[in-house]
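Structural characterization, general
Each chain is listed here by its residues.
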Amino acid sequence: ETGVTQSPTHLIKTRGQQVTLRCSSQSGHNTVSWYQQALGQGPQFIFQYYREEENGRGNFPPRFSGLQFPNYSSELNVNALELDDSALYLCASSWGQVRDYGYTFGSGTRLTVV
Amino acid sequence: EDKVVQSPLSLVVHEGDTVTLNCSYEVTNFRSLLWYKQEKKAPTFLFMLTSSGIEKKSGRLSSILDKKELFSILNITATQTGDSAVYLCAAVNSGNTPLVFGKGTRLSVIA
């Protein structure tokens, strides 16, 4: 059973709308990352937060933004949704640097933009 | 640009077969390679490989890293239908950077 929980599990939005996805990290984990996984593709890195500060960002436009809270939970916000934003959004948490401890993934939020 | 390439992209085998999944990488300041199994949504961790030539095993699964030739393999022996999943390979470098994933190998095990 995964210690990382994401909500909602499924979401349908209309093009141009805004969406907020939520993630509760595994207990004790202070690093959270978000990934976008399109159908048939591997996860693509969006950004990472460590102790409430963004410390890495992938090749995604500014309309993808995030937050990490003092309890290390996190949000991913996407503005001006486009059809290509339809994907599985995965949150992953770790303690410290991922290179040493790896990630624990949540079950994801399936976003459909119509 | 860092990249990870997995092959084959899909594979269909019969129960009891042995399979080998491949992962090659080009990553600046490479540190570790990770394997994940993704059945429906959440990728679940299988192995983290940092040292070359040291095999890691977990039941019927095993994996090894070759840092000279920049690849890793994941072996599954005596496959079962429950092994059907997408297997993801990801690399991480020595900086504080995220995982770079391959596209995955979709394994289907039929009875």
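A brief report on the enclosed structure follows. (Residues numbered from 1 in each chain as written. Chains lettered and ligands numbered in written order. Predicted model: local features only at pLDDT ≥ 70, side-chain atom pairs only at ≥ 80, totals over all residues. Heavy atoms only, no water.)

Quick word on the packing of aromatic side chains
Counted under the stated rule, the structure contains twelve aromatic pairs over all chains. Aromatic pair Tyr-35 of chain A and Phe-101 of chain B: ring centres 5.6 Å apart, planes at 90°, arrangement edge-to-face. Taken together, the residues span two chains, with Tyr-35 of chain A in strand E4 (residues 31-37) and Phe-101 of chain B in strand E10 (residues 100-101). Owing to a relative accessible area of 0%, Tyr-35 of chain A belongs among the buried residues under this scheme. Residue Phe-101 of chain B is classed as buried on the basis of its relative accessible area of 6%. An aromatic cluster of three or more residues is present, and its members are Tyr-35, Phe-45, Tyr-103 and Phe-105 of chain A together with Tyr-36, Phe-45 and Phe-101 of chain B. (Phe/Tyr/Trp six-rings, centres within 6.5 Å; stacked < 30°, edge-to-face > 60°. Helix = DSSP H or I, 4+ residues; strand = E, 2+ residues; numbered from the N terminus. Buried < 20%, exposed > 50% of the residue type's maximum accessible area, 1.4 Å probe, protein only.)

Observations concerning unusual backbone geometry
In this chain, Ser-7 of chain A is followed by Pro-8 of chain A through a cis amide linkage whose omega measures -10°. Positionally, Pro-8 of chain A belongs in the loop between strand E1 (5-7) and strand E2 (10-13). Between Ser-7 of chain B and Pro-8 of chain B the backbone carries a cis peptide bond, its omega angle lying at -10°. Turning to its location among the elements, Pro-8 of chain B is positioned in the loop between strand E1 (3-7) and strand E2 (10-14). Here Tyr-72 of chain A, not a glycine, exhibits a phi torsion of approximately 75°, which is positive. In this structure, Tyr-72 of chain A sits in the loop between strand E7 (64-68) and strand E8 (74-78). What makes Tyr-72 of chain A partly exposed here is its relative accessible area of 26%.

What to know about the side chain of Glu-75 of chain A
Residue and element names in this part refer to chain A. One can find Glu-75 in strand E8. By relative accessible area, which is 15% here, Glu-75 ends up buried. The residues touching Glu-75, leaving out its near neighbours within four places in the chain, are Thr-20, Leu-21, Arg-22, Trp-34, Ser-65, Gly-66, Leu-67 and Phe-69. (Contact = heavy atoms within 4.5 Å.)

Considerations on the side chain of Ser-93 of chain A
Residues and elements named next belong to chain A. As for its placement among the helices and strands, Ser-93 is situated in strand E9 (residues 87-94). In terms of polar contacts, Ser-93 uses its side chain to reach the side chain of His-29, at 2.7 Å. Ignoring any residue separated from it by four or fewer positions in sequence, one finds Ser-93 in contact with Val-4, Ser-25, Gln-26, His-29, Thr-31, Val-32, Gly-102, Tyr-103 and Thr-104. (Polar contact = N/O pair within 3.5 Å; in protein donor to acceptor, adjacent residues only side chain to side chain.)

Considerations on the layout of surface pockets
Roughly 590 Å³ of volume is contained in the largest pocket. Taken together, 23 residues line the largest pocket, and the ones lying closest to its centre are Gln-44 of chain A together with Glu-1, Asp-2, Val-100 and Phe-101 of chain B. Ranked by the residues each element gives to the lining of the largest pocket, the list is headed by E1 of chain B, at four residues. When the residues that make up the lining of the largest pocket are grouped by side-chain class, the tally is ten nonpolar, nine polar and four charged. Roughly 330 Å³ of internal volume is contained in the second largest pocket. As for the second largest pocket, its lining consists of 16 residues, and the residues nearest its centre are Gln-37 and Gly-40 of chain A together with Gln-38, Val-86 and Arg-106 of chain B. Residue composition of the lining of the second largest pocket, by class: five nonpolar, six polar and five charged. (1 Å grid on protein atoms, 1.4 Å probe; cavity = no way out; pocket = protein on both sides within 12 Å on 5 of 7 lines; lining within 4 Å. Points joined across faces, edges and corners; volume = space filled by probe spheres on them. Nonpolar A, V, L, I, M, F, W, Y, C, P; charged D, E, K, R; others polar.)

Considerations on the pairing of strand E4 (residues 30-38) of chain B
Residues and elements named next belong to chain B. Across the nine residues that make up E4, a large majority, eight, are buried. Pairing of E4 with strand E9 (residues 85-93) involves eight bridges; the strand directions are antiparallel. The partner of Ser-32 across the bridge, within E9, is Val-92. Across six bridges, the pairing between E4 and strand E5 (residues 43-49) is antiparallel. Note that in E5 the partner of Lys-37 across the bridge is Thr-44. (Pairing = 2+ DSSP bridges.)

Some words on the sheet that holds E7 of chain A
All names here are of chain A. An order of E1-E3-E8-E7 is seen for the four strands of this open sheet, with the pairing classed as antiparallel. Edge positions in the open sheet fall to E1 and E7, since each of these has one partner strand only. Direction aside, the axes of adjacent strands within the sheet are offset by 15° on average. The pairing of E1 with strand E3 (residues 19-24) spans three bridges and is antiparallel. Within the sheet, the bridge partner assigned to Gln-6 lies in E3 and is Cys-23. (Axes fitted to C-alpha atoms, helices over the stretch in contact; angles between N-to-C directions.)

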